[in-house]
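# Geometric and topological summary
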Amino acid sequence: MGLNHTHDPQARSWVESANRPGADFPVQNLPFAVFRRARTQEAFRGGVAIGDEVLDLGALAASPLLSGEALHGARLCALPTLNDFMAQGPSAWRALRHALFALLEDGVDEPRRQAARACLLPQAGVEFAVPARIGDYTDFYTSIHHARNVGSLLQPDRPLTDNFQWIPIAYHGRASSVVVSGTPFRRPMGQAMAAGAPAPVYGPCARLDYELELGVFIGPGNPQGRPIALAQAEEHVFGMCLLNDWSARDIQFWEMAPLGPFLGKNFCTSISPWIVTLEALAPYRLPFERPPLDPQPLAYLEEKSNREQGVLDIQLSVCLETQRARVDKTPPAQLSHTSFRHQYWTVAQLVAQHTVGGCNLQPGDLIGTGTISGPAREEAGAIIELTRGGREPLALPNAEQRAFLEDGDCVILRGWCEKAGAARIGFGECRGEVLPAR
Ligand code: MN
């Protein structure tokens, strides 16, 4: 996917907040969400972020401002979920993006600007919903640094499993408990086995963790029995969001042999409201490189375009706001900062792997990338890595300590792309607060 005028770093919007340095949502971004005015019973509908505002695609679809393929796309976005728009594919997504860019760019004529302004609402006054009806959710495990960090806690002499460098590993997750940012959740109850104990105990999770991930929303699906080839995989990707795969480590490690995670993961997964399209991310592509001494991907996971530009340089951070920090009004503590570019497998390889056996993906399906941990210790995407299994608690700036998450803790994920010569593309935030077990 090449660059075009919608990536021009000089482009500005007549929505002034979109032009502020450091803004997540300049006119080059245009991410999608589903929203309504807060504390109303309005129908949810699609919207696009521009600066501090949301462009209401329901209102826009009812106006005379769009035509042709862009109007068709906006009408599909006026529905309470984006599945039908996601199913349309890259040409429809591009048509709407380019029409919205033309409408929001500085220099659009005054009557059109006035009419578009009438479709804007302040983001501060809206509430969001999960943007798609998620039929299926799959979570991968694609950071070799995360795999080594966690693997060394379980098997110090052999942290990487034999398959890690050959297969993008995943488990089938739970779609029903995916929630949008800002939705609190209860600490899960479950069974855990302490090291050396004669029997497991049932109780509230004692080792609650987060996982810094990106979510991938699937666009057009594939018929069962017909895999998506690596070269076509990105045509099936609508866009990406932030994802927090909350993990109950004590429950997870007791239950996951031999079939994988179950209750340790299925109580809640949080996603950011905004989905950033692959077209918006185009300036931030990098080559896919495998260290020469590592196994090279098998042929079905190897392809020219994936080699040349399959990697995305998305910067990510995790902050923790404790209950006490909230009361004292001290800022959240940053726990880590890394980039998605360190992952062992690309988004296209995840889609190809998911379908190679014949599994059918459907529009609105959600794929988690797996925890994103970079090479340095302070780049780890889960607290179990930062505290080495809870043995080395983190000292927070307000003198609190954390080995794992406590009740009242709010975890805030952020994502953004930034470099000289390109517009900053932000993902906004993904927040979630831990409530006490019931
Ligand atoms: Mn995960």
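These notes cover the structure that comes with them. Along each chain, the written sequence defines residue order, and numbers are assigned to residues from 1. It should be noted that, the model being predicted, local features are given only for residues of pLDDT at least 70 and side-chain atom pairs only at 80 or more, the latter also being counted only at that level, while totals for whole chains, interfaces and linings use all residues. The basis for the side-chain values is all heavy atoms of the structure; hydrogens and waters are excluded.

## Regarding the nonpolar core
As used in this record, nonpolar core signifies buried Ala, Val, Leu, Ile, Met, Phe, Trp, Tyr and Cys residues forming a set joined through side-chain atoms within 4.5 Å. Summary of the burial criterion: residues with accessible area below 20% of their type's maximum are buried, those above 50% are exposed, and those between are partly exposed, where the area comes from a 1.4 Å probe applied to protein chains only. One finds Met-240, Leu-281 and Ile-314 to be the most contacted residues of the largest nonpolar core, which totals 67 residues. Put simply, DSSP marks the helices as runs of H or I at least four residues long and the strands as runs of E at least two long, and each gets a number from the N terminus on. Looking at which element gives the most residues to this core, the answer is helix H11 (residues 347–355), with five residues. Whether two residues are in contact is decided by their heavy atoms: any pair within 4.5 Å suffices. What Leu-281 contacts, discounting residues up to four positions off in sequence, is Met-240, Val-276, Leu-312, Ile-314, Cys-417, Ile-425 and Phe-427. Grouped together as the second largest cluster of nonpolar side chains are 48 residues, Leu-30, Leu-57, Ala-175 and Cys-241 included.

## Details of the sheet that holds strand S21 (residues 333–339)
Only strands joined by at least two bridges in the DSSP assignment are considered to pair. Pairing is mixed in the open sheet, where five strands are placed in the order S9-S26-S25-S20-S21. Among the strands making up the open sheet, the edge pair consists of strand S9 (185–186) and S21.

## Observations regarding the sheet that holds strand S2 (residues 45–50)
Pairing is antiparallel across the open sheet formed by five strands, whose spatial order is S4-S3-S2-S1-S5. At either margin of the open sheet sits one strand with a lone partner, and together these are strand S4 (120–122) and strand S5 (126–129). Sheet twist, expressed as the average angle between the axes of neighbouring strands with direction ignored, equals 50°. The pairing of strand S1 (residues 32–37) with S5 spans four bridges and is antiparallel. Its bridge partner lying in S5, Phe-35 is registered against Phe-128. Only the contacting stretch of a helix is used when fitting its axis, a line to C-alpha atoms as for every element, and angles between N-to-C directions run 0 to 180 degrees.

## Focus: the pattern of salt bridges
Within this document, salt bridges are pairs made up of a side-chain nitrogen of Lys or Arg and a carboxyl oxygen of Asp or Glu, the two lying within 4 Å of each other. Taken as a whole and judged by the stated rule, the model has 29 salt bridges. A salt bridge links Arg-45 to Asp-56; its shortest N-O distance comes to 3.0 Å. Placement of Arg-45 in strand S2 and of Asp-56 in strand S3 (residues 53–56) is noted, with a sequence separation of 11 residues between them. Classification of Arg-45 as buried rests on a relative accessible area of 11%. Arg-158 is the partner of Asp-162 in a salt bridge, and the nearest nitrogen-oxygen pair spans 3.3 Å.

## Remarks on the coordination of the manganese ion
For a metal bound by four donors in tetrahedral geometry, the ideal donor-metal-donor angle is 109.5 degrees, whereas six donors in octahedral geometry ideally sit at 90 or 180 degrees. Counted as donors are the N, O and S atoms within 2.8 Å of the metal, or 3.2 Å for Na, K and Ca, while water is not among the atoms, so some sites may look incomplete. Only Asp-139 (OD), Glu-211 (OE), Glu-213 (OE) and Asp-245 (OD) from the protein coordinate the manganese ion, and they sit 2.1 to 2.2 Å from it. Mapped onto the sequence, the donors of the manganese ion take the spacing D-x71-E-x1-E-x31-D. Separated by 74 residues along the polypeptide, Asp-139 in strand S6 (residues 137–141) and Glu-213 in strand S13 (residues 212–218) bring together distant segments of the chain. Pair check on accessibility: Asp-139 and Glu-213 agree, each one buried.

## Some thoughts on helix H6 (residues 144–154)
Residues Ile-144, His-145, His-146, Ala-147, Val-150 and Gly-151 constitute the buried set of H6. Close packing links the buried residues of H6 with S6, helix H7 (249–255) and helix H12 (383–386). Between a side-chain oxygen at the N-terminus of H6 and the backbone nitrogen of His-145 the separation is 3.3 Å; the capping residue is Ser-143. We call two N or O atoms a polar contact when they sit within 3.5 Å, provided that within protein one can donate a hydrogen and the other can accept it, with sequence-adjacent residues counted only if both atoms are side-chain atoms.

## Brief notes about the side chain of Glu-321
Looking at the secondary structure, you find Glu-321 in strand S20 (residues 315–321). Note on Glu-321: relative accessible area 13%, which makes it buried. Within the structure, the side chain of Glu-321 is placed 3.1 Å from the side chain of Arg-326, a separation counted as a polar contact. If we skip the residues at most four places from it in the chain, Glu-321 touches Arg-326, Pro-332, Gly-408, Asp-409, Cys-410, Ile-412 and Arg-431.

## Focus: the packing of helix H2 (residues 68–77) against helix H4 (residues 90–104)
As a packed pair, H2 and H4 sit with axes 8 Å apart at the nearest point and diverge in direction by 100°. It follows from the interaxial angle that H2 and H4 lie roughly perpendicular. Every residue of H4 that contacts H2 at Glu-69, Ala-70, Gly-73, Ala-74 and Cys-77 is listed here: Ser-91, Ala-92, Ala-95, Leu-96 and Ala-99. Think of it as three bins: nonpolar holds Ala, Val, Leu, Ile, Met, Phe, Trp, Tyr, Cys and Pro, charged holds Asp, Glu, Lys and Arg, and polar takes everything else, Gly as well. In the contact of H2 with H4, the residues fall into seven nonpolar, two polar and one charged. Reported orientations rely on four angle classes, namely roughly parallel under 35 degrees, roughly antiparallel over 145, roughly perpendicular from 65 to 115, and oblique for the rest.

## Remarks on the pairing of S6
S6 sits mainly inside the fold: four of its five residues count as buried. Taken together, the four bridges between S6 and strand S7 (residues 169–172) define a ladder with antiparallel strand orientation. Its bridge partner lying in S7, Phe-140 is registered against Ala-170.

## Quick notes on the pairing of S20
S20 sits mainly inside the fold: seven of its seven residues count as buried. Neither face of S20 is open: one carries Gln-315, Ser-317, Cys-319 and Glu-321, the other Leu-316, Val-318 and Leu-320, and all of them are buried. Where S20 and S21 come together, six bridges link them in antiparallel fashion. Counterpart to Gln-315 in the pairing with S21 is Ser-339. As defined by bridge partners, S20 adjoins strand S25 (residues 410–417) across seven bridges and the pair is classed as antiparallel. Paired with Ser-317 across the strands is Arg-414, a residue of S25.

## Quick look at the environment of Thr-338
Tracing the sequence through the fold places Thr-338 in strand S21. C-alpha separation for the pair Thr-338 and Asp-313, spaced 25 residues apart in sequence, amounts to 9.8 Å. Separated by 3.0 Å, the side chains of Thr-338 and Glu-379 make a polar contact.

As far as function goes, none of this settles anything; it's purely spatial.
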